[in-house]
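Structural description and commentary
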Amino acid sequence: MTGNIPIAKTYKLFINGSFPRSESGRTFSVVDSQGELIANVSQASRKDLREAVRAARSAQNAWASRTAYNRGQILYRVAEMIESRKVEFSELLKSFGVNSRTATREVEESIQRWVWYAGWSDKYSQILGSVNPVSGPYFNFTVPEPTGVVGIIPPKEPSMLGLISRLVPVIVSGNTAVVVSEGHSSLTAVTIAEVLATSDVPPGVVNILTGDQADLLPWIVGHLDVNAVDISGINQDQDLTVLEEAASNVKRLISREIDEESLELITDFLEMKTVWHPIGR
Amino acid sequence: MSNFKEGSDSEDFGIDYAPAVESTSLLNIKEKYGLFINGDFLDTSSSKFFKTLDPSTEKPLAEITEASAADVDKAVKAARNAYEKYWMNMSGAVRARYLFRIARHLQERSREFAVLETLDGGKPIKESRDVDLPLAAAHFFYHAGWADKLEYAFPQRKIEPHGVVGQIIPWNFPLLMASWKLAPALACGNTVVLKPAETTPLTALLLAEVIQDVDLPPGVINIVTGAGETGSALVEHPNVDKLAFTGSTEVGKLIQRSAVKRNLPLTLELGGKAPHVIFEDAALDQAIEGVINGIFFNQGHVCCAGSRLLVQESIAEHFIDRLQKRIDLLRVGNPLDKNTDIGAINSKSQLERIDKLVNAGIEEGAEVYKPSCSLPENGYWYPPTVLTGVQQSHRVAREEIFGPVLVVQTFRTPEEALEKANNTPYGLSAGIWTEKGSLIHWMAERMRAGVIWANTFNKFDPTSPFGGYKESGFGREGGMHGLAPYLKTKRKRK
């Protein structure tokens, strides 16, 4: 009989649709609110980050080339997948000391984020784009396009809603993401990765690293193949001079209220493209 | 004018243009200029000066005050005071009135402004007259109309101005860049400290006179002249609420370094290395004109210049041959002559930079074509130049030359054109020429650049957002999208 001995989950990184351990072999431990060990979690290294960026870059064109309708369907599908794992997520949150009602609400709101942004996929262009009345015989229009590869430093709390609130507005428009999660919120992050792995989100669109955010921050901010970084979750006491390296490739740095739901969050990771063409016979 | 270029075709016909030089008699350039702070030109008795030259003759035009950090501080204080005392509480409709007035005065005095722009910067008078001035006035008109309609641009949003905006502008379109910066900032309710480029301060200082004439409340626009140190004092100033910069990627990166640590709102409009793609089915006569305009407009001192020609292999030889024949007809010379196509290089240091990069290209194996035109003895000049046999790895294919130098590469398939077009850290603009509509959209969708010109090039309009992808910067200028950088927007709480 083995019924008394539960099988604990191994928490690993999520890169290009797979769950590798850190190449460094390092782990960090996460304990529950009672101080009991929940798991030894893979601690991502700079090399893991590089792999994740490579995966995100390789996936970006194809993801952006999907129709907006299709991206919306895929995002909605993620909501369905979380819906069926509601109990698992709220149990996880409760193990961190979140009370039962708050945990249930956080899971519900997290699901709603996916639904809300899924609905935006084929609408934000119509709100944000324009046809411009230039003073000449030209057809001139402006359309939004994804910025590219986006790094995300999500807030540690609320661990589920915080990450999802930052992630979904980034990928809805065709960006791909590299998320760096830390501490106990890493467990939530990896569980979200499991949802993504069993949804229709293509490999590489979302990559999730667990580890030390402050440690990896300089590398993600300085990475020349990362176009933007959402730094909303960074510790405000930390030395902000590391952000200077964003200038090495004129990276977009975005910082917003941590759990808001808004069109601006989609806009933050868009580039506006304007096209001119003559009108004539 | 005998030392100026005579086109080869006109020689064939035995005719030539008579000089048609614009008079400078309507200008009233002062000997010395003080800083424009709080509605007045400051006393120059304790000023440190630098000279601004006519780059076509190297003759000094005026002495300009170099603003110190203390001067910049004075300007920021004046802007803050004006923001709190007048501008913040003024209705959008009233702000609009002032912007409309500025636009009208620019139109009324456009000839004077155009001549001064050409004299101080070296650009052909036909360009300052037909492009810079009309567009500068149009920018004020367009944004004037927005000042009392901002809530329509940001539905469901609570909007407010940043406060004091620091703006640094380049020397290639001095007055036009000032208007691109000032008009949206003021329309959105900010006050401004503007730093014009050190080689071209005169039209900004003439604009200061207009600002006085239209009775703009003192301190709403302050103009601090100077070079890098003055700019740096403005960037580092702790009481500036937002920065906007147009200029080189190199300097833009330094500014971003400074701004990110302070979480300071910033927009950057930086360099470019625009691909200009010609497919074999393009309307060749028009494409040739487009390529010429794309690289030789304003001596190639254009961040969005079509500096990398990508021409389909099947027509490359023919196209380059025709291009060279067309270049032979370009008239390089006196910028004030209405017949001039290519004026003077803006400064000695820019001339040296162009020369250095072209020589690097030749050393790396590029073949060079320059028409055999004679250039004036004095002043800064560079003939229109085409470099062929260029590899993607060559410096001339990668670095912004910012001069009248076109780099030519070839391609076979649309995929290869796209690959080469996007193979650059820049992403400001791009051009496509083909008669096939679906190919235009296929390319336009995939080229990573903020402005795409299809079957045209170098078109600008205040309603049309302008700005870059990647290392060409972020934020847009013009259009509804150009308002956002000058406002703080928040969600209206339900």
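Note that this is a predicted model, so its numbers are computed, not measured.

1. Regarding the overall build of chain B
Of the regular secondary structure elements, chain B holds 16 helices and 20 strands. Against the globule reference of 23 Å for 494 residues, chain B gives a C-alpha radius of gyration of 23 Å, in line with a compact fold. Dimensions along the principal axes, computed over C-alpha positions, put chain B at roughly 65 × 55 × 35 Å. Taking all 494 residues of chain B together, 62% fall into the buried category. If you take every contact in chain B between residues at least 6 apart in sequence, the share linking residues at least 24 apart comes to 75%.

2. What to know about the sheet that holds strand 16 (residues 405-411) of chain B
Read from one edge to the other, the open sheet built from 10 strands follows the order 3(A)-4(A)-10(A)-18(B)-17(B)-12(B)-13(B)-16(B)-15(B)-14(B), with strand pairing classed as mixed. Here the strands that pair on one side only, and so sit at the sheet edges, are strand 3 (130-131) of chain A together with strand 14 (367-369) of chain B.

3. Here's the deal with the packing of helix 3 (residues 86-95) of chain A against helix 7 (residues 185-197) of chain A
Between two packed helices, the angle of one axis relative to the other and the distance separating the axes together describe the packing. Residues and elements named next belong to chain A. With their axes 10 Å apart at the nearest point, helix 3 and helix 7 run at an angle of 170° to one another. By the angle class used here, helix 3 and helix 7 are roughly antiparallel. Residue-level contacts link E88, F89, L92 and L93 of helix 3 to L187, T188, T191, I192, E194 and V195 of helix 7. Counted by class, the contact of helix 3 with helix 7 contains six nonpolar, two polar and two charged residues.

4. Thoughts on the pairing of strand 11 (residues 266-269) of chain B
Residues and elements named next belong to chain B. Residues L266 and L268 point to one face of strand 11 and T267 and E269 to the other, with burial holding for every one of them. Here four bridges tie strand 10 (residues 242-246) to strand 11, and the two strands are oriented parallel to one another. Opposite A244, over in strand 11, you have T267 as the bridge partner. A crossover connection joins strand 10 to the parallel strand 11 through helix 10 (residues 249-261); in handedness this β-α-β unit is right-handed. Of the strand pairs in this sheet, strand 11 and strand 19 (residues 473-474) are connected by two bridges, and their pairing is antiparallel.

5. A closer look at the sheet that holds strand 8 (residues 228-230) of chain A
Residues and elements named next belong to chain A. The strand order across the open sheet formed by five strands is 7-6-5-8-9, and the pairing between neighbours is parallel. Looking along the sheet, the strands with just one partner apiece sit at the ends: strand 7 (206-211) and strand 9 (252-254). Averaged over all neighbouring strand pairs, the angle between strand axes comes to 15°, with direction disregarded. Bridge analysis of strand 6 (residues 176-182) against strand 7 gives six bridges, and the strand direction is parallel. Residue pairing for strand 7: V178 is matched across the bridge by N207. In the packing of helix 6 (residues 159-171) onto the sheet, contacts are made with strand 5 (149-152), strand 6, strand 7 and strand 8, and the angle to strand 6 comes to roughly 170°.

6. Some points on the domain arrangement of chain B
Interface size is often expressed as the accessible area that is lost when the parts come together. Residues and elements named next belong to chain B. Segmenting chain B into domains produces domain 1 (32-270 + 471-491) and domain 2 (275-461). Just the C-alpha atoms count here: the centres of domain 1 and domain 2 sit 30 Å apart. Between domain 1 and domain 2, roughly 2600 Å² of surface is buried when both sides are summed, and carbon and sulfur atoms account for 59% of that area. The largest contributions to the domain 1 side of the interface with domain 2 come from S56, W171 and S472, which together make up 20% of the buried area. At the boundary of domain 1 and domain 2, one finds one salt bridge. Run the count over domain 1 and domain 2 and you get 13 residue pairs in polar contact (both at pLDDT 80 or more). Of all the elements in the fold, those that place two or more residues in the side of domain 1 that touches domain 2 are helix 4 (110-121) and helix 5 (125-146). When residues in the side of domain 1 that touches domain 2 are grouped by element, the largest group, seven residues, is from helix 5.

7. Considerations on the state of the cysteines
According to the stated counting rule, one finds zero disulfides over all chains in the structure shown. Between C304(B), a cysteine without a disulfide, and C303(B), which holds the nearest cysteine sulfur, the sulfur-to-sulfur distance is 4.8 Å.

8. With respect to the interface of chain A and chain B
Listed per partner, the contact involves 42 residues of chain A and 40 residues of chain B. Here chain A meets chain B over a buried area of about 3300 Å², counting both sides, of which 49% is carbon and sulfur. If you sort the residues of chain A by the area they bury against chain B, V250(A), K273(A) and W276(A) come out on top, with a joint share of 20%. Where chain A touches chain B, the interface holds six salt bridges. Notably, a salt bridge pairs R476(B) with E271(A), separated by 3.9 Å at the nearest N-O pair. For the pair chain A and chain B, the interface holds 28 residue pairs in polar contact (both at pLDDT 80 or more).

9. Concerning the packing of aromatic side chains
Counted according to the given criterion, the structure contains 16 aromatic pairs over all chains. Note on Y138(A) and W276(A): the rings are 5.6 Å apart at their centroids and 75° apart in plane angle, and the pair reads as edge-to-face. Pair noted here: Y138(A) is in strand 4 (residues 138-146) and W276(A) is in strand 10 (residues 270-278), with a separation of 138 residues, a long-range link. Geometry around W219(A) places R46(A) over its ring, the cationic atom sitting 3.8 Å from the centre. If you follow K242(B) out to its NZ or CZ, it ends over the ring of Y486(B), 5.3 Å from the centre.

10. Some words on the nonpolar core
L106(B), L207(B), L216(B), I278(B), L309(B), F319(B) and F466(B) are the most contacted members of the largest nonpolar core, which totals 110 residues. For this core, the element with the highest residue contribution is helix 7 (residues 174-187) of chain B, accounting for 10 residues. Residue assignment places this core across two domains, with domain 1 (32-270 + 471-491) and domain 2 (275-461) of chain B each supplying three or more. Here F466(B) is in contact with W180(B), E269(B), C303(B), C304(B), L428(B), V451(B), W453(B), F460(B), G475(B), R476(B) and E477(B), once residues within four sequence places are set aside. With 59 residues, the next largest nonpolar core counts I192(A), L196(A), L270(A) and M272(A) among its residues.

11. Focus: the confidence of the model for chain B
Residues and elements named next belong to chain B. Confidence in the prediction for chain B averages 95 pLDDT; 97% of positions are at 70 or higher. Scored below 50 in pLDDT, residues 1-10 makes 28 contacts in the model with residues more than four places away or belonging to other chains. At the level of chain-chain contacts, confidence expressed as ipTM amounts to 0.95, with global pTM at 0.95.

12. Observations concerning the pattern of salt bridges
Residues and elements named next belong to chain B. Inspection of every chain in the model, using the stated rule, returns 46 salt bridges over all chains. Across the salt bridge formed by D132 and K123, the nearest N and O atoms sit 2.6 Å from each other. Among the residues examined, D132 registers a relative accessible area of 0% and is labelled buried.

13. Points about helix 2 (residues 68-83) of chain A
Residue and element names in this part refer to chain A. An ideal rise of 1.5 Å per residue puts 22 Å on 16 residues; helix 2 measures up with 23 Å between its terminal C-alpha atoms. Within helix 2 the residues assigned to the buried category are R71, G72, I74, L75, V78, A79, M81 and I82. Its buried side turned inward, helix 2 meets helix 1 (46-65), helix 3, helix 4 (100-120), helix 5 (124-128), helix 6 and helix 7.

14. Observations concerning the environment of G475(B)
All names here are of chain B. Checked against the element boundaries, G475 lands in the loop between strand 19 and strand 20 (487-491). Using a relative accessible area of 29% as the deciding quantity, one classes G475 as partly exposed. G475 has contacts with T267, F466, G467 and G468, leaving out every residue within four places of it along the chain.

Thresholds applied
Residues numbered from 1 in each chain as written. Chains lettered and ligands numbered in written order. Predicted model: local features only at pLDDT ≥ 70, side-chain atom pairs only at ≥ 80, totals over all residues. Heavy atoms only, no water. Helix = DSSP H or I, 4+ residues; strand = E, 2+ residues; numbered from the N terminus. Rg over C-alpha atoms; globule rule 2.2 N^0.38 Å. Buried < 20%, exposed > 50% of the residue type's maximum accessible area, 1.4 Å probe, protein only. Contact = heavy atoms within 4.5 Å. Pairing = 2+ DSSP bridges. Axes fitted to C-alpha atoms, helices over the stretch in contact; angles between N-to-C directions. Parallel < 35°, antiparallel > 145°, perpendicular 65-115°, else oblique. Nonpolar A, V, L, I, M, F, W, Y, C, P; charged D, E, K, R; others polar. Right-handed = clockwise from strand over helix to strand, strands pointing away. Domains from an automatic or database assignment. Buried area = accessible area lost by both parts, 1.4 Å probe. Salt bridge = Lys/Arg side-chain N within 4 Å of Asp/Glu carboxyl O. Polar contact = N/O pair within 3.5 Å; in protein donor to acceptor, adjacent residues only side chain to side chain. Disulfide = S-S within 2.5 Å. Phe/Tyr/Trp six-rings, centres within 6.5 Å; stacked < 30°, edge-to-face > 60°. Lys NZ or Arg CZ within 6 Å of the ring centre and 35° of its normal. Core = buried A, V, L, I, M, F, W, Y, C linked by side-chain atoms within 4.5 Å. pLDDT = per-residue confidence, 0-100. Expected span 1.5 Å × (residues − 1).

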